[in-house]
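# Notes for the structure review
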Amino acid sequence: MKKALITGITGQDGSYLAEFLLNKGYEVHGIIRRSSTFSTSRIDHLYRDPHDPEARLFLHYGDMTDGIGLKRLLDKIQPDEVYNLAAQSHVKVSFEQPEYTADIVALGTLRLLEAVRLHMEETEREVRVYQAGSSEMFGSAPPPQSESTPFHPRSPYAVSKVAAYWYAVNYREAYGMFIANGILFNHESERRGETFVTRKITRAVGRIKLGLQRKLYLGNLEARRDWGYAPDYVEAMWLMLQQDEPDDYVIATGESHSVREFVEAAFAAVGLDWRDYVEIDPRYFRPAEVDFLLGDPRKAREKLGWRPRVTFQELVIRMVEHDLELARREKTLLDAGHNIALQGVMERG
Ligand code: NDP
Ligand code: GDR
């Protein structure tokens, strides 16, 4: 049975990847951070008591700031594949916490690569590594962006991802390690964090439709993104590690839409006109913006045989339907007299 170790297993992608690898028959190990409240809601449905002989998902405390801890986990788990998904992944927050973001995203990747290198040297095992790169690395480079487009990052997050990308390339060239950089364009889902724009919009649409919220405050509506569906994208991560040679791949749909178009489609899906509800709040503008992302996924299609399955319209509908149902449950709780926080999360995104 193959073993995989996932950093960032509690995040959107980590949860889908864990599901995908369990379905492929893997034993899956994930690193979680200690926190005062549980952070495993996205993977709770996959978890079984470790005493259960059927259990194939195991969680370990760890942190990307703790290199020795990462090395200890590698020695204990002895994984065949490592997927490095852990990150402070919010672009706007990275302007507020640039040094912290660099510590997790850039240095954290270096710590992990070094831990894998030492583990391989000591045990003479092969460990393959997937590094979660981002279309944000292209920043202001004109579209369409492909593997050969020069990076021009526009945020502390993006600069840190560029550093992580080059650490990965350097470890591959210097030590002959099997490391693949995925350069993934935006991918969303029903499990997307609620402070990213798509989910912020679909959560608001559900609540507005049911009368739980009046307005939706957003920043720049003109930014264009190449939005795909997260479960499609985790398959590409796995495919990259099944190749004969390690390489870097753009994963995207090849279609770009503005935030305005997403808003329009999401409100239209429940029969509402977005112009009646959306207000612009400058606090959501970024000090430097990424205006136009459009990926060229031809290499992934030709070499990995990968293609996206879910279209932009389907993505919007799936997310809206899911969040309409969540809003129904919230309404039931409110009507029964429970005091639930509706607005707080919206102000953080
Ligand atoms: P999320 O923000 O949903 O998940 C991030 C994960 O990283 C969470 O599990 C989080 O744990 C964990 N994490 C954060 N800080 C640390 C730390 N110090 N030590 C250990 N774990 C930590 O991100 P996504 O799932 O959306 O993205 C996965 C990866 O792919 C990220 O690296 C992201 O930057 C990158 N990416 C994402 C894209 C997208 O469109 N979604 C596109 C391109 C790249 P906790 O739950 O405790 O916070
Ligand atoms: P992004 O995603 O920055 O592309 O990074 P996000 O959804 O945060 O922003 C997309 C675009 O929408 C604009 N926008 C707003 N964004 C947020 N969050 N909140 C708002 O109210 C709002 N109004 C307008 C933004 O300015 C931006 O142009 C995501 C993350 O998952 C990264 O980790 C990943 O690397 C990239 O996608 C690819």
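Values in this document were obtained by computation on a predicted structure and should not be read as measured data.

### Description of the site of ligand 2
- Neighbouring ligand 2 are 24 residues; S134, Y157, R286, E289 and G349 lie closest to it.
- In the model, an oxygen atom of ligand 2 is placed 2.6 Å from a nitrogen or oxygen of the S134 side chain.
- Contacts to ligand 2 include R225, whose side-chain N or O atom sits 2.8 Å from an oxygen atom.
- Protein chains shield 96% of the accessible area of ligand 2, which is 700 Å² for the free molecule.
- Counting residues per element, the ones that place at least two in the shell around ligand 2 are α6 (197-209) and β8 (216-218).
- Across the shell around ligand 2, the residue classes tally to nine nonpolar, nine polar and six charged.
- Counting only domains with at least three residues in the shell around ligand 2, you end up with domain 1 (3-189 + 227-251) and domain 2 (197-224 + 256-288 + 311-348).

### Focus on unusual backbone geometry
- Note the cis peptide between P143 and P144, where omega equals -5°.
- On the secondary structure map, P144 appears in the loop between β5 (128-134) and α5 (156-175).

### Observations concerning the UniProt feature "domain: NAD(P)-binding" (unreviewed entry) in the protein
- The UniProt entry lists residues 5-319 under the feature "domain: NAD(P)-binding" (unreviewed entry), expressed in the numbering used here.
- As annotated, residues 5-319 has a helix share of 40% and a strand share of 15%, and its two end C-alpha atoms lie 29 Å apart.

### What to know about the site of ligand 1
- What surrounds ligand 1 is a group of 24 residues, the closest being T10, D13, R33, S89 and Y157.
- Separating an oxygen atom of ligand 1 from a side-chain N or O atom of R33 is a distance of 2.8 Å.
- In the model, an oxygen atom of ligand 1 is placed 2.8 Å from a nitrogen or oxygen of the K161 side chain.
- When isolated, ligand 1 has an accessible area of 900 Å², and the protein chains bury 88% of it.
- At the level of secondary structure, the elements contributing two or more residues to the shell around ligand 1 comprise α1 (12-23), β5 and α5.

### Some thoughts on the nonpolar core
- L21, Y83 and I251 are the most contacted members of the largest nonpolar core, which has 63 residues in total.
- If you tally residues by element for this core, the top one is helix α7 (residues 230-241), at nine residues.
- When residues of this core are assigned to domains, at least three fall in each of domain 1 (3-189 + 227-251) and domain 2 (197-224 + 256-288 + 311-348).
- The contacts of L21, once residues within four sequence positions are left out, are A4, I6, Y26, V28, Y83 and W238.
- In terms of nonpolar packing, the next biggest core, distinct from the first, is built from 21 residues, I104, A115, V127 and V129 among them.

### Quick word on the environment of V105
- Among the structural elements, V105 can be located in helix α4 (residues 98-123).
- Using a relative accessible area of 2% as the deciding quantity, one classes V105 as buried.
- Between the C-alpha atom of V105 and that of A132, which follows or precedes it by 27 residues, the distance is 9.7 Å.
- Residues in contact with V105, not counting those within four places in the same chain, are A87, Q88, Y157, S160, K161 and A164.

### Some thoughts on helix α8 (residues 259-268)
- Burial in α8 covers these residues: V259, F262, V263, A265, A266 and F267.
- Of the surrounding elements, those touching the buried residues of α8 are α6, β8, β12 (257-258), β13 (278-280) and α10 (312-335).

Conventions adopted
- Within each chain, residues carry numbers counting from 1 in the order of the written sequence.
- Each chain takes a letter, starting from A, and each ligand takes a number, starting from 1, following the order in which they are written.
- At least 70 in pLDDT is required for a residue's local features to be given in this predicted model, at least 80 for side-chain atom pairs to be given and counted, and no such filter applies to totals for whole chains, interfaces and linings, which use all residues.
- Note that water and hydrogens are dropped before the side-chain values are worked out from all heavy atoms of the structure.
- We call a residue near a molecule or strand when any one of its heavy atoms sits within 4 Å of it.
- Whenever a nitrogen or oxygen atom comes within 3.5 Å of another N or O atom, the pair is scored as a polar contact, on the condition that within protein one atom can donate a hydrogen and the other can accept it, and that pairs from neighbouring residues in sequence are kept only if both atoms are in side chains.
- Accessibility throughout is a Shrake-Rupley quantity obtained with a 1.4 Å probe, and a residue counts as covered only by protein chains that appear here.
- Strands are runs of DSSP state E lasting at least two residues, helices are runs of H or I lasting at least four, and both sets are numbered from the N terminus onward.
- In the scheme used here, Gly and all other residues not listed as nonpolar or charged are polar, with Ala, Val, Leu, Ile, Met, Phe, Trp, Tyr, Cys and Pro taken as nonpolar and Asp, Glu, Lys and Arg as charged.
- Either an automatic procedure or a domain database provided the assignment from which the domain bounds are taken.
- UniProt positions are given in the numbering used here, feature names are shortened, and annotations may be inferred rather than shown by experiment.
- Residues enter a nonpolar core if they are buried and are Ala, Val, Leu, Ile, Met, Phe, Trp, Tyr or Cys, with the set joined through side-chain atoms within 4.5 Å.
- Type-normalised accessible area, obtained with a 1.4 Å probe on protein chains alone, sets the label of each residue: buried when under 20%, exposed when over 50%, and partly exposed for intermediate values.
- By definition in these notes, contact holds between two residues if any of their heavy atoms fall within 4.5 Å.

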